[in-house]
Structure formats: structure tokens, C-alpha cells
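Secondary and tertiary structure notes
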Amino acid sequence: MWVTSLTLIILAVFGAGSGGNMVSVPVGVGGWLLAVLFIILAFFDREDALPELTRRDVLIMALFFLAALVVHSVFLAEMPSTFQGDEGSVGGSALNFLRGNQNNIFSVGWFSFPGLYYWVEAQSIRVFGQTVFAARFPSAIAGALITAFTYLMGKKMFNQQVGLLAAIFLTGFHYFN
């Protein structure tokens, strides 16, 4: 399977090209996603079963995700009070995707950051408009997802109390996202 993955990676490189616009979006993105899938399948040890997720775990993770998303989204446009230069520059690179100046998620944008993040932020701007909230919301979603998975990792690595305490801490820690 790793040979298939390597072939798909090479295909994705040719599909992506080296400029701001992809040579072929379906070939670049599709090859990359399939390569990632084949790498995971190639290194997944069938004898080493994944930890079992109970309904309770899924419910607790969903509650932590929603709680963290609410906590991190309330006053998102106002806290912190300054919209810093980094945020504005990232937002400007995201606008390149919306304006059609760029579509290559594998290229780099402002300050040599990967283009995939700018594409994600562009989708938020597309939905919420050109606002501070839209620029910051993808980070709030990522923070909420990490909070939910922190519960699971803490529980699996130590015990349920550690998972709960770690997730509670991240839920209330505003500067985490």
C-alpha cells in the first residue's frame, strides 16, 4: 500500500503545481487525500485494536466540543480587543482564495505559512463575511475539537478524571484557541 501512496503523492505534486493556482484541483487534492488514506491503512496494525469508544464517551466529547465552541466564540470579535497585524495578514491571504487569485492549498502565503489554513479561513469569510469573527472562528473550531479529543486522550492514557479535568481546563482557557 505504501507504493500506491507514494505514487499518489507524486501524482498530487504534479496536480498541485508550484504556483498559486493548481494545475488540476481534482488531481492535486484527490491524490493527496487518497495518499493520506493509503498511508494510514499501510501502517495500521490490525492486531492493535483501536480503543473502544462508548456512547458515553461520544456524548461527553460532543458536550465538550459544544461548550468549548460557545465559550471560545462568545465575544470572539471583541476579545482580544486588537485585531493584530498577523490576523489581518492571514485574512488578506485568505481573500486571495475568495477572489480567485489563488486555489493551491499546497502553496505558501503570507510569511510562508501553508495555504491550506488560508483556504479554511476563506471558507469562514465566505460564510460570515469579511469580519473579525470570520477570521478568528476557524481557530475556535480547532480549539473546540482539540478540547473534545483531550478528554478522550486523557481518559485513555490515564483515567476519566484526568480527561475530564484537562478538557474542563481547555474549555475555560480563552487564549487556548
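To be clear, the structure that these remarks concern was listed above.
We now turn to the structure provided with this report. (Residues numbered from 1 in each chain as written. Predicted model: local features only at pLDDT ≥ 70, side-chain atom pairs only at ≥ 80, totals over all residues. Heavy atoms only, no water.)

**Considerations on the overall build of the chain**
Along the backbone of the chain there are 7 helices and 0 strands. Each helix and strand of the chain, ordered N terminal to C terminal, gives the series α-α-α-α-α-α-α. Projected onto its principal axes, the C-alpha coordinates of the chain cover approximately 50 × 50 × 25 Å. Of all 177 residues assigned to the chain, the portion counted as buried reaches 30%. Here the contacts in the chain between residues at least 6 apart in sequence split such that 65% fall between residues at least 24 apart. On the chain, roughly 11,000 Å² of surface is accessible, and the fraction owed to carbon and sulfur atoms is 71%. (Helix = DSSP H or I, 4+ residues; strand = E, 2+ residues; numbered from the N terminus. Buried < 20%, exposed > 50% of the residue type's maximum accessible area, 1.4 Å probe, protein only. Contact = heavy atoms within 4.5 Å. Areas by Shrake-Rupley, 256 points an atom, 1.4 Å probe, with all protein chains shown as cover.)

**Observations concerning the packing of helix H3 (residues 55-73) against helix H7 (residues 160-172)**
For the pair H3 and H7, the least separation of the axes is 9 Å and the interaxial angle reads 20 degrees. Between H3 and H7, the crossing angle belongs to the class labelled roughly parallel. Judged by the sense of rotation from one axis to the other, the crossing of H3 with H7 is right-handed. Along the contact surface, H3 presents Arg-56, Ile-60, Phe-64, Ala-67, Ala-68, Val-71 and His-72, while H7 presents Gln-160, Leu-164, Ala-167, Ile-168, Leu-170 and Thr-171. (Axes fitted to C-alpha atoms, helices over the stretch in contact; angles between N-to-C directions. Parallel < 35°, antiparallel > 145°, perpendicular 65-115°, else oblique. Left-handed = near helix turned anticlockwise from the far one by under 90°.)

**A few points about the nonpolar core**
Counting residues in each nonpolar core, the largest one holds 10 residues, listed as Met-22, Val-90, Ala-94, Leu-95, Phe-97, Ile-105, Tyr-118, Ala-122, Ile-125 and Ala-134. Breaking this core down by element, the ones donating at least two residues are helix H4 (85-98) and helix H5 (115-128). Element by element, the count of residues in this core is highest for H4, at 4 residues. For Ala-122, the residues in contact, after removing those within four places along its chain, are Ala-94, Phe-97 and Leu-98. (Core = buried A, V, L, I, M, F, W, Y, C linked by side-chain atoms within 4.5 Å.)

**Comments concerning a nonpolar patch on the surface**
Taken together, the side chains of Trp-2, Val-3, Leu-6, Ile-9, Ile-10, Val-13, Phe-14, Ile-39 and Phe-43 define a hydrophobic patch exposed on the protein surface, amounting to about 960 Å² of accessible area. Breaking the nonpolar patch down by element, the ones donating at least two residues are helix H1 (2-16) and helix H2 (25-43). Top contributing element to the nonpolar patch by residue count: H1, with 7 residues. By the secondary structure assignment, Phe-14 is in helix H1. (Patch = residues over 30% accessible without salt bridge, like charges linked within 9 Å, V, L, I, M, F, W, Y side chains within 5 Å. Salt bridge = Lys/Arg side-chain N within 4 Å of Asp/Glu carboxyl O.)

**Comments concerning the environment of Gln-84**
One can find Gln-84 in the loop between H3 and H4. Owing to a relative accessible area of 46%, Gln-84 belongs among the partly exposed residues under this scheme. Through-space distance from the C-alpha of Gln-84 to that of Leu-6 is 40 Å; in sequence the pair is 78 residues apart.

**Points about the pattern of salt bridges**
Overall, the coordinates contain 3 salt bridges when judged by the stated rule. Where Asp-57 meets Lys-155, a salt bridge forms, and the shortest distance between an N and an O atom there is 2.7 Å. Here the residue Asp-57 occupies a position in helix H3, and Lys-155 occupies one in helix H6 (residues 132-157), the gap between them amounting to 98 residues. It is possible to trace a salt-bridge network through shared partners that takes in Asp-57, Lys-155 and Lys-156.

**A word on unusual backbone geometry**
The backbone of Phe-75 sits at a positive phi, close to 60 degrees, despite the residue not being glycine. Turning to its location among the elements, Phe-75 is positioned in the loop between H3 and H4. The class for Phe-75 is exposed, based on a relative accessible area of 54%. Unlike most non-glycine residues, Phe-111 shows phi in positive territory, near 55 degrees. Along the chain, the position of Phe-111 falls in the loop between H4 and H5. Here Phe-111 falls in the exposed class, since its relative accessible area comes to 63%.

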